[in-house]
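Architecture and fold: a report
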Amino acid sequence: MSIRPSLLSASLGKVLSGAVMLCAFDAAMADEAAPQDTPSASQPQAADPVKAKLLGNITVTAQSRSQEMQSVPIPLQIVTSQQIDTLAATDLSKMQLFVPGLVIDAGQPTQARYQLRGISTSDFGVGTDPSVGVYVDGVYAARSGGALLAFNDVQRVEVLKGPQGTLFGRNAAAGAISIVTHEPSDHFEAKARVRVGNEGKRYGDALINLPINQDMAFRFSVLDNQGDGWIRDAATGKHYGKDDDWGARAAWRWNITPNTRVLLTWDHEHLDQPPEPAIGLVPLSSDTNQRAPYPPTPSSYLDPLHAPLYNDAIGGAETRRFNGVTLSIDHAFTWGSLTSTTAWRGFNTFNRGDYDGTNHVVSYLDTTNIEHNNSWYQEFKLAGNTGIADWVGGISYYQEQARQTSQTNINTDSIDTLANNLMGVGTPLADISQALASFGLPYSLLGDPWHEAIRNTGHFKAYAAFGDVIWHIDDRLDVTTGIRYTRDQKTFSWYNMPRQAPAYDATVQALAQAGILDLLPPEAQGALAAFNNNLIFTDAVGVPVTFRNTWSNWSPRVVVDYKFTPDAMGYVSVTKGYKAGGYNSVQVGSRFAPEKVTNIEAGIKTVFPEQNLLLNASIYYYRYDNKQSLTLDPNSAGSGVPRYLVSSTDQEAKGLDFEAQWQPLDALRLSLTTAYIDSTYRKAVALSGADLDGQPTGEPLFSYTAGMSYTWGHVANGSLVFDLNYAHRGRERCNADSQLQGECVVSPNFQVGSAQQRTDARLDWHAPGDHWGVALYANNLFNNRYVTGVNNISTPVFGTPFASITPPRTYGLELRAKF
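Below: a short report on this structure. (Residues numbered from 1 in each chain as written. Predicted model: local features only at pLDDT ≥ 70, side-chain atom pairs only at ≥ 80, totals over all residues. Heavy atoms only, no water.)

1. Notes on the packing of helix 5 (residues 412–423) against helix 6 (residues 428–438)
Viewed as axis vectors pointing N to C, helix 5 and helix 6 meet at an angle of 120°, and their least axial separation amounts to 7 Å. Comparing the axis directions of helix 5 and helix 6 gives the class oblique. Contacts between helix 5 and helix 6 involve T412, I415, D416 and A419 on the former and, on the latter, P428, L429 and A430. The residue inventory of the contact of helix 5 with helix 6, partitioned by class, reads 5 nonpolar, 1 polar and 1 charged. (Axes fitted to C-alpha atoms, helices over the stretch in contact; angles between N-to-C directions. Helix = DSSP H or I, 4+ residues; strand = E, 2+ residues; numbered from the N terminus. Parallel < 35°, antiparallel > 145°, perpendicular 65-115°, else oblique. Contact = heavy atoms within 4.5 Å. Nonpolar A, V, L, I, M, F, W, Y, C, P; charged D, E, K, R; others polar.)

2. Here we look at the nonpolar core
Residues L92, M95, Y114, F151, V157, I177 and Y622 are the most contacted members of the largest nonpolar core, which totals 36 residues. Those elements that provide at least two residues to this core are helix 3 (81–87), strand 4 (102–105), strand 5 (113–116), strand 7 (132–136), strand 9 (154–161), strand 10 (175–181) and strand 28 (613–633). Apart from the residues lying within four places of it in its own chain, the contact partners of F151 are I84, A89, T90, D91, L92, M95, V157 and L223. I415, L429, A501 and I793 belong to the second-largest nonpolar core, a separate cluster that totals 27 residues. (Core = buried A, V, L, I, M, F, W, Y, C linked by side-chain atoms within 4.5 Å. Buried < 20%, exposed > 50% of the residue type's maximum accessible area, 1.4 Å probe, protein only.)

3. A look at the state of the cysteines
Counted under the stated rule, the structure contains 1 disulfide. Across the disulfide from C734 sits C744; the S-S distance is 1.3 Å. Taken together, the residues C734 in the loop between strand 32 (718–729) and strand 33 (756–766) and C744 in the loop between strand 32 and strand 33 connect sequence positions 10 residues apart. By relative accessible area, which is 34% here, C734 ends up partly exposed. By relative accessible area, which is 6% here, C744 ends up buried. (Disulfide = S-S within 2.5 Å.)

4. Concerning the packing of aromatic side chains
Scanning the entire structure with this criterion turns up 21 aromatic pairs. Between F333 and W335 the ring centres are 4.8 Å apart and the planes differ by 5°, which places this aromatic pair in the stacked class. A relative accessible area of 35% places F333 in the partly exposed class. Arranged with centres 6.4 Å apart and planes meeting at 10°, the rings of W335 and W391 form a pair that is stacked. One end of the pair, W335, is in the loop between strand 19 (317–332) and strand 20 (336–354); the other, W391, is in strand 22 (residues 389–411), and 56 residues separate them in sequence. With a relative accessible area of 25%, W391 lands in the partly exposed category. Connected via pairs of aromatic rings, a cluster forms that spans F492, W494, F547, W551 and Y583. (Phe/Tyr/Trp six-rings, centres within 6.5 Å; stacked < 30°, edge-to-face > 60°.)

5. A word on helix 6
Three or four residues apart is the spacing at which side chains of an α-helix point the same way, because the helix has 3.6 residues per turn. Among the residues of helix 6, P428, L429, A430, I432, S433 and L436 are the ones counted as buried. Elements that come into contact with the buried residues of helix 6 comprise helix 5, helix 7 (502–513) and helix 8 (522–530).

6. Some remarks on the side chain of N171
Relative to the helices and strands, N171 resides in the loop between helix 4 (165–168) and strand 10. Reaching out from N171, the side chain makes a polar contact with the side chain of Y140 at a distance of 3.0 Å. Here the side chain of N171 touches A580 through a polar contact of 3.2 Å, landing on its backbone nitrogen. Each residue touching N171, except ones within four places of it in the same chain, is listed here: D129, P130, S131, V132, G133, Y140, Y578, K579 and A580. (Polar contact = N/O pair within 3.5 Å; in protein donor to acceptor, adjacent residues only side chain to side chain.)

7. Points about the sheet that holds strand 8 (residues 139–140)
Taken together, 5 strands build an open sheet; the order of strands is 3-9-10-7-8 and the sheet is mixed. At either margin of the open sheet sits one strand with a lone partner, and together these are strand 3 (76–80) and strand 8. Two strands pair when backbone bridges link them, and strand 7 and strand 10 are joined in this way by 5 bridges, in the parallel orientation. Among the inter-strand pairings, V136 is bridged to a residue of strand 10, identified as I179. (Pairing = 2+ DSSP bridges.)

8. Describing the pairing of strand 10
The buried count for strand 10 comes to 7 of 7 residues, which makes it a mostly enclosed element. Burial along strand 10 is two-sided: the face carrying G175, I177, I179 and T181 and the face carrying A176, S178 and V180 are both buried. When strand 9 meets strand 10, the two strands line up antiparallel, connected through 7 bridges. The partner of V154 across the bridge, within strand 10, is T181.

9. Let's talk about a nonpolar patch on the surface
Taken together, the side chains of F188, I208, L210, F220, V222, L264, W266, V325, L327, I329, W772 and F819 make up a nonpolar region of the molecular surface, amounting to roughly 990 Å² of accessible area. The element that contributes the greatest number of residues to the nonpolar patch is strand 19, accounting for 3 residues. For F188, the location among the structural elements is in the loop between strand 10 and strand 11 (189–197). (Patch = residues over 30% accessible without salt bridge, like charges linked within 9 Å, V, L, I, M, F, W, Y side chains within 5 Å. Areas by Shrake-Rupley, 256 points an atom, 1.4 Å probe, with all protein chains shown as cover. Salt bridge = Lys/Arg side-chain N within 4 Å of Asp/Glu carboxyl O.)

10. A closer look at the side chain of N311
Among the secondary structure elements, N311 is positioned in the loop between strand 18 (279–280) and strand 19. A distance of 2.8 Å separates the side chain of N311 from the backbone oxygen of A278, its partner in a polar contact. With sequence-adjacent residues up to four places away left out, N311 is seen in contact with D233, Y240, E276, P277, A278, D354, G357 and T358.

11. Comments concerning unusual backbone geometry
The step from Y294 to P295 runs through a cis peptide bond, and the omega angle for that step is -5°. You can see P295 is positioned in the loop between strand 18 and strand 19. Although it is not a glycine, A88 adopts a positive phi angle of roughly 55°. Residue classification places A88 among the buried positions, given a relative accessible area of 14%. We note that D770 has phi near 55°; this positive angle belongs to a residue other than glycine. Looking at the element boundaries, D770 is found in the loop between strand 33 and strand 34 (772–779).

Right, dumping it as structure tokens:
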């Protein structure tokens, strides 16, 4: 996995079937049902074939209807609330390795990147929509700033692979992630949990469910996630990799009549932590005025897994304030039901981090992403069934207002390095300052801040109408037909602000007024004149630019499924997906057309009751047209200052998904989930000029996860459960542009994009009914560490590449109570 570029520079346990489903007992009941005692290890019992039929018997809403998972002809994986708890996961990125095919780059949680089956959107700016749709209780989370939130009273997460345009709409071309939270129930419930672990980790959550009367109930939950960090700055001692996140959720349900239900929810999150650490690769001395060797020599790079951290971003931080309100009204008629969903989402994010990987003033570079976002969503949905068909249809409206500021912050010492490395004019500001000092003049052009920024404003609207019908041809054969029409209207603007360097400008003005400027050599005067302009963002400086565009799309799907037996179903599907066109936030006047994908899939879902075995598999092929990626452009024909630009490619992939669950004993559960994908470019030329036709896109060929869980009953008047899970993700596949992007072979001293492994373990004791519980857990038990990518944004300018790495092992103790 590569480092996701900045816009400015452009434990544990029960993940059965890679977080696919619960065990037979838990799957048959609600997630919150009390854990069941089992016979002691000395008297193991064979699993009951009747109970084995309950494997995969989880109710999902993947097709906008409530259905059992095994009857849904879509490749999907389920992460349940019990699995989240077993893994001690605080958000979905903490368990993504256990869902083969899913990748979540969450090094910067306010700018997270989702990927499914090798398809993702690397540009996280407000001008670009994602390829993987994230939905919370049916409401679309449009921006990455509000897409990766802490788990708070989550019932399950449905991961749907392949295009989901018909059912979920625009921007689900690669798939959809549907997060479903708990609703207030009619029974009193209260529970609390605390975890303490290494690296100063402290986590707590609590909830209370209060039935107000026979028609009303209220549910409130809170969480607080803290950690001291897993890496320190070698110069300042500042901690990075810290956790500082808390949230709250409230839900109120009112059954106005037996046929009418109102559900009102509010979600809040507050994130405040240091930025992602940037580990420099070039060995430097403690003299912060030392310039890195230029160009850098990869053979001398430090191994980032063992290199010291030196970051000096002034005011570096990553923060988010998120609020969301959803009003859902359901009414049941004799012929079907009507559901109205009204939602508002709003967030503010700030992300300022080091982008040169050093604490040297002569290469200082930080980037800052600031976003403000408000969105409204309204959907009306009708659903019903007759003897021959189950149907659903509706209309929706989405409106979003987004503001973004992309900043690059350097200083005049950095500009001298740029002038020396790219312009070949030496260090003019240092030379002038030294000459002035030699004459006793109180002027210096060094040490002054330099700021450049592009401000974007987006006004987006989307209208949609959809319909989906499951036709029951006979008792065994179903044919599903569906289609969605989407119309996107977008207004997007850029304003590239003139560079700001007030201290530097004041000094230059003072030199001019004193008549000193005219005495400087012509080459020095020329350098100062060049520095009157923007150096980083050079397009249309000071000129507002606005684009207005409209795109429309029809996204159909056809599915045929056949039940060979009551426990075995096969299906074939053809689906299309669509991602709206958009803009590159830091490339003034850029615009790209919509992305489109066609996916052909065939699969089988089976349960073998006598063998207590579940087997599911699917094969697929897709063609993806006009896929947009944000890639590093060396800009060698221009100023030489690198930039991240949007490139367009056509891709294709063929793959296989497989999962197995086996319960040979009531006390023992085993699982295996695998994903194979061969993803290549059909037509692509990199911005560097490399021809990528037929070459791999970087997605690993193979990934899998395996798990086991064993329960001993009657231990200290309770049950003892041991969970062990292993995940493997293959090495990234290189192409002719991988090294420039920092995704492949960079240096002989370390590996980038190597295969990743993770083992999680948990030992949990709980009292009957789970009224009390205690657990020991370990994530990444064997402390496997990896270099996830190298960022070369500062390499052509300062000679200072830097890397990102995975966190170390975490372990801890959990205590919980339920009333």
